[in-house]
Amino acid sequence: MWITLRLFTIYSCVIFKYILNIDKEKNVIKYIENFLDKTMYIETDYNKSQRIFNGIEKSICHQALYNAYYAFMTEDENKEINILKYLCDGFSTGPEINNKITISYVFKVINMRRKALAECHKLKGLLRFQEIGDNLCYASIHPDNNILEPLGHHFMKRLPSMSFIIHDKNRNLCFIYKNDTYKIIDSTNMKLPCISSSE
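Described below are features of the structure shown in this document. What you see is a predicted model, and the numbers here were worked out from it, not measured in a lab.

## Focus on the overall build of the protein chain
Helices and strands together make up the secondary structure of the protein chain, namely six helices and five strands. Going from N to C terminus, the protein chain has its helices and strands arranged as α-α-α-α-α-β-β-α-β-β-β. The buried share of the protein chain, reckoned over its 199 residues, is 42%. Excluding contacts between residues fewer than 6 apart, the proportion of contacts in the protein chain whose partners are at least 24 apart in sequence is 64%. As displayed, the protein chain offers around 12300 Å² of accessible surface, 52% of which is attributable to carbon and sulfur atoms.

See below:
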């Protein structure tokens, strides 16, 4: 499973817990850590996350799930809060939520999705691989958003017979594809090729 999708799955369990325990009188606000507060552990439950995914598609629309997933790839400081508000409002409003762009969190989620998709699309055209070994190519990127997975999957489809590494230097992650399989690993302690500055 993709790392971003896995993180989004974990986040959806938080949404599930929030919706079950929702207090309509309370606003969703950014939490500031306080040593007096009790920490709540929320276990990752793929059944609950699937219920959230299905609920979003059924009660809101597929576009809302798409918006939330791609917005989650951004590095926006308040993305989790804005996505949560967007989805909770969407469960009440339905597909019309996407037309309410005068509401700040709706505008922010849609804008975050656009930013992640635009950067991913740009890198699909600009990324250049260099051969570093026998049928092994390497490319490095410095994206603003965490778009390594959709970018890697694009090149898996486009270059299925080639083994490659896409290195996200901003996050120390590598997308490694070989023999129809891929993995994403932490590249902090990896010995990666020295590529000239003209890459």
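## Quick look at the pairing of strand β1 (residues 130-133)
Across three bridges, β1 lies against strand β2 (residues 136-141) in antiparallel orientation. Looking across to β2, one finds that E131 is bridged to C137. In this antiparallel pair of consecutive strands, β1 and β2, the connection spans two residues, and N135 shows a positive phi of 55 degrees.

## A word on the sheet that holds strand β3 (residues 163-168)
Pairing in this open sheet of five strands is mixed, and the strands run β1-β2-β3-β4-β5 from one edge to the other. Strand pairing shows two members of the sheet lacking a second neighbour, β1 and β5 (181-186), which therefore form its edges. Between one strand axis and the next, the sheet turns through 25 degrees on average, direction left out of account.

## What to know about the environment of P150
Inspection of the secondary structure assignment puts P150 in helix α6 (residues 148-158). Since its relative accessible area comes to 8%, P150 is described here as buried. Residues P150 and H121, spaced 29 residues apart in sequence, show a C-alpha to C-alpha distance of 9.7 Å.

## A closer look at the pairing of β3
β3 sits mainly inside the fold: six of its six residues count as buried. Neither face of β3 is open: one carries S163, I165 and H167, the other F164, I166 and D168, and all of them are buried. Note that β2 and β3 share six bridges and pair parallel. Bridge assignment links S140 to a residue of β3, and that residue is H167. Handedness of the crossover joining β2 and β3 through α6: right-handed. Examined bridge by bridge, β3 and strand β4 (residues 173-178) share five bridges and lie antiparallel to one another. Within β4, the position partnered with H167 by the bridge is C174.

What counts and how
- Residues numbered from 1 in each chain as written.
- Predicted model: local features only at pLDDT ≥ 70, side-chain atom pairs only at ≥ 80, totals over all residues.
- Heavy atoms only, no water.
- Helix = DSSP H or I, 4+ residues; strand = E, 2+ residues; numbered from the N terminus.
- Buried < 20%, exposed > 50% of the residue type's maximum accessible area, 1.4 Å probe, protein only.
- Contact = heavy atoms within 4.5 Å.
- Areas by Shrake-Rupley, 256 points an atom, 1.4 Å probe, with all protein chains shown as cover.
- Pairing = 2+ DSSP bridges.
- Axes fitted to C-alpha atoms, helices over the stretch in contact; angles between N-to-C directions.
- Right-handed = clockwise from strand over helix to strand, strands pointing away.

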